[in-house]
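Letter by letter, the chains look like this.
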Amino acid sequence: MADVLAVDLGGTKVMAAVVSDAGEVRGSARQRHGAHGDWSEALDAIKAAAEKALKKAEASWDQIESAGIGVPGPVDHGNGVAFQLPNLGLSDVQVSKDVSELLGTKVIVENDVDAGLMGEIWQGAAKGRRHAVGLFPGTGLGGAVYVDGELVRGKTGITGEIGHLVMNPKGPRCGCGRRGCLEAYASRTAMEKWVRKRHRKGYGTNLEGIEDADSRIRSRAFLRAAEAEDRLALKAIKRVSKYLGYASANLIHMLSPEVIVFGGGIIEAMGDIMMERIRKVAKKRCLPGCYDGVDLVEAKCGDDASVLGVAAATFRAMGHELN
Ligand SMILES: [Zn+2]
């Protein structure tokens, strides 16, 4: 049995885990950081999280065969460089080289959303599938595409940007500055903007946080309001589900996946009330025969998805066959 160290670097925290080649998370730990614009602070947090994960796994560095890290941005896989890490205020970071020096082992670099889908393919909702798509609507909307047993990398390495598929060129402004992207319809941010606009026009709602323009309306608040039959919250959830259904139909037409995995904050909170509608809209929008046999399912690995996916990519890079 072999172990690797898998790291998931986020905008405000790092998760590290010791993962076996059987897909078991033997120990994991988190470390908060305030590394915005400061790569060396992120490196300190990675080291601290790694040390804690090893301790939890009761493992030592010489048991770790290799390591990998998932980062929140597009990656040049050949050189292990992250082009841009907007959540960390950094660009052109030599991730592979710097983290290798830090940990004293070879380190592969993966995009975190791609890693999340890989985790679901290795140990979760898409286990064993060769054609899969990941859609992760939360603050934004992350996407990943896996075809014929491989993540799609494309020419630039910037692939799976499903959140920026244009649904309507005159639609609402997206976080990227463009208009009408899927993310401008199907993210927590988009839901919040939409309900606030309607509330200003006089729609009544009991959504928590609606009266305070500075507070965030959380996915759980939408769920609680929906459970209390709040009409505006229900409409917002129906709308976001509808757009995820449209996007699913587009993806099914383009890629013919076996499975589309839905995760992220919105789905974690509201998957139970969203998935049926997403499936219904996708089915209705698909050409005859295209929808047959496609599974639209919720992610299963939760917070472990990215570290599991990073571990899978690390084992693959070492030449291990994974089942
Ligand atoms: Zn966009």
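Note that the structure is predicted; figures quoted are calculated from it, not measured.

Let us look at the environment of Gly-104. Within the element layout of this structure, Gly-104 appears in the loop between helix H2 (95–103) and strand S8 (107–111). Note: C-alpha distance between Gly-104 and Trp-61 (43 residues apart in sequence) is 9.0 Å.

Because an α-helix packs 3.6 residues into every turn, residues spaced three or four apart end up facing the same way. What helix H5 (residues 219–227) keeps buried is the set Ser-219, Ala-221, Phe-222, Leu-223, Ala-225 and Ala-226. Positive backbone phi, at 65 degrees, marks Glu-229, one or two positions downstream of H5.

Take the pairing of strand S13 (residues 295–298) next. The pairing of strand S12 (residues 259–262) with S13 spans four bridges and is classified as parallel. Residue pairing for S13: Val-259 is matched across the bridge by Asp-295. With helix H7 (residues 264–285) bridging S12 and its parallel neighbour S13, the resulting β-α-β unit is right-handed.

Here we have three strands laid out as an open sheet, ordered S5-S6-S7, and antiparallel in their pairing. Each of the sheet's edge strands pairs with one partner strand only, and the pair in question is strand S5 (75–76) and strand S7 (90–93).

This part takes up the coordination of the zinc ion. The coordination sphere of the zinc ion contains the protein donors His-164 (ND1), Cys-174 (SG), Cys-176 (SG) and Cys-181 (SG), at a distance range of 2.0 to 2.4 Å. Viewed at the metal, the four donor atoms of the zinc ion are separated by angles of 103 to 117 degrees, and the geometry they form is tetrahedral. On the primary sequence, the residues serving as donors to the zinc ion are separated as H-x9-C-x1-C-x4-C. Using a relative accessible area of 30% as the deciding quantity, one classes Cys-176 as partly exposed.

A few words now on a positive patch on the surface. On the surface, a cluster of positive charge is made up of Arg-231, Lys-235, Lys-238, Lys-242, Arg-277, Lys-280, Lys-284 and Arg-285. Elements with a minimum of two residues in the positive patch: helix H6 (231–255) and H7. Within the element layout of this structure, Lys-242 appears in helix H6. The partly exposed category is assigned to Lys-242, whose relative accessible area is 33%.

The subject of this paragraph is helix H3 (residues 112–123). Compared with an ideal rise of 1.5 Å per residue, which puts 12 residues at 16 Å, H3 spans 16 Å between its outermost C-alpha atoms and is within 8% of the ideal. Most of H3 is tucked away: 11 of the 12 residues are buried. Burial in H3 covers these residues: Asp-112, Val-113, Asp-114, Ala-115, Gly-116, Leu-117, Met-118, Gly-119, Glu-120, Ile-121 and Trp-122. Capping the start of H3 is the job of one residue whose side-chain oxygen sits 2.9 Å from the backbone nitrogen of Val-113: Asn-111.

With that out of the way, let us pick up the sheet that holds strand S1 (residues 3–9). Taken in spatial order, the five strands of this open sheet run S3-S2-S1-S4-S8, and their pairing is mixed. Looking at strand neighbours, the two that pair on one side only are strand S3 (25–32) and S8, the edges of this open sheet. For this sheet the average axis-to-axis angle between neighbouring strands, irrespective of direction, equals 20 degrees. Of the pairings in the sheet, the one linking strand S2 (residues 13–20) to S3 comprises seven bridges and is antiparallel in character. Within S3, the position partnered with Val-14 by the bridge is Gln-31. The strands touched by helix H1 (residues 39–56) within the sheet are S1, S2, S3 and strand S4 (64–71), with S3 carrying the most contacts at an inclination of about 145 degrees. Relative to the sheet, helix H8 (residues 305–317) contacts S1, S2, S3, S4 and S8, its axis offset from that of S1 by approximately 130 degrees.

So, about the nonpolar core. In this structure, Phe-222 and Leu-296 are the most contacted members of the largest nonpolar core, which totals 44 residues. If you list the elements that add at least two residues to this core, you get strand S9 (132–137), strand S10 (141–147), helix H4 (188–200), H5, H6, S12 and H7. Take this core: its biggest share by element is 11 residues, from H6. Excluding its chain neighbours within four sequence positions, the residues that come into contact with Phe-222 are Met-191, Glu-192, Val-195, Leu-207, Ile-217, Ala-233, Ala-236, Ile-237 and Met-270.

Before going further, it helps to examine the domain arrangement of the chain. We note that the domain assignment places domain 1 (3–111 + 303–317) and domain 2 (125–299) within the chain. Measuring from the centre of the C-alpha atoms in domain 1 to the corresponding centre in domain 2 gives 27 Å. Taken together, the six residues of domain 1 in the interface contact eight residues of domain 2. Buried surface at the junction of domain 1 and domain 2, summed over both partners, amounts to about 500 Å²; 41% is from carbon and sulfur atoms. Seen at the junction of domain 1 and domain 2, the total is two salt bridges. With a shortest N-O distance of 2.8 Å, Arg-153 and Glu-110 are connected by a salt bridge. Run the count over domain 1 and domain 2 and you get four residue pairs in polar contact (both at pLDDT 80 or more). Here the residues of the side of domain 1 that touches domain 2 sort into three nonpolar, one polar and two charged.

Quick notes on the rules
- Residues numbered from 1 in each chain as written.
- Predicted model: local features only at pLDDT ≥ 70, side-chain atom pairs only at ≥ 80, totals over all residues.
- Heavy atoms only, no water.
- Helix = DSSP H or I, 4+ residues; strand = E, 2+ residues; numbered from the N terminus.
- Buried < 20%, exposed > 50% of the residue type's maximum accessible area, 1.4 Å probe, protein only.
- Pairing = 2+ DSSP bridges.
- Right-handed = clockwise from strand over helix to strand, strands pointing away.
- Donors = N, O, S within 2.8 Å, 3.2 Å for Na, K, Ca; no water.
- Tetrahedral: all angles 85-135°; square planar, octahedral: opposite > 155°, others 65-115°.
- Patch = residues over 30% accessible without salt bridge, like charges linked within 9 Å, V, L, I, M, F, W, Y side chains within 5 Å.
- Areas by Shrake-Rupley, 256 points an atom, 1.4 Å probe, with all protein chains shown as cover.
- Salt bridge = Lys/Arg side-chain N within 4 Å of Asp/Glu carboxyl O.
- Lys, Arg positive; Asp, Glu negative; His and termini not counted.
- Charge placed at Lys NZ, Arg CZ, Asp CG, Glu CD.
- Expected span 1.5 Å × (residues − 1).
- Polar contact = N/O pair within 3.5 Å; in protein donor to acceptor, adjacent residues only side chain to side chain.
- Axes fitted to C-alpha atoms, helices over the stretch in contact; angles between N-to-C directions.
- Contact = heavy atoms within 4.5 Å.
- Core = buried A, V, L, I, M, F, W, Y, C linked by side-chain atoms within 4.5 Å.
- Domains from an automatic or database assignment.
- Buried area = accessible area lost by both parts, 1.4 Å probe.
- Nonpolar A, V, L, I, M, F, W, Y, C, P; charged D, E, K, R; others polar.

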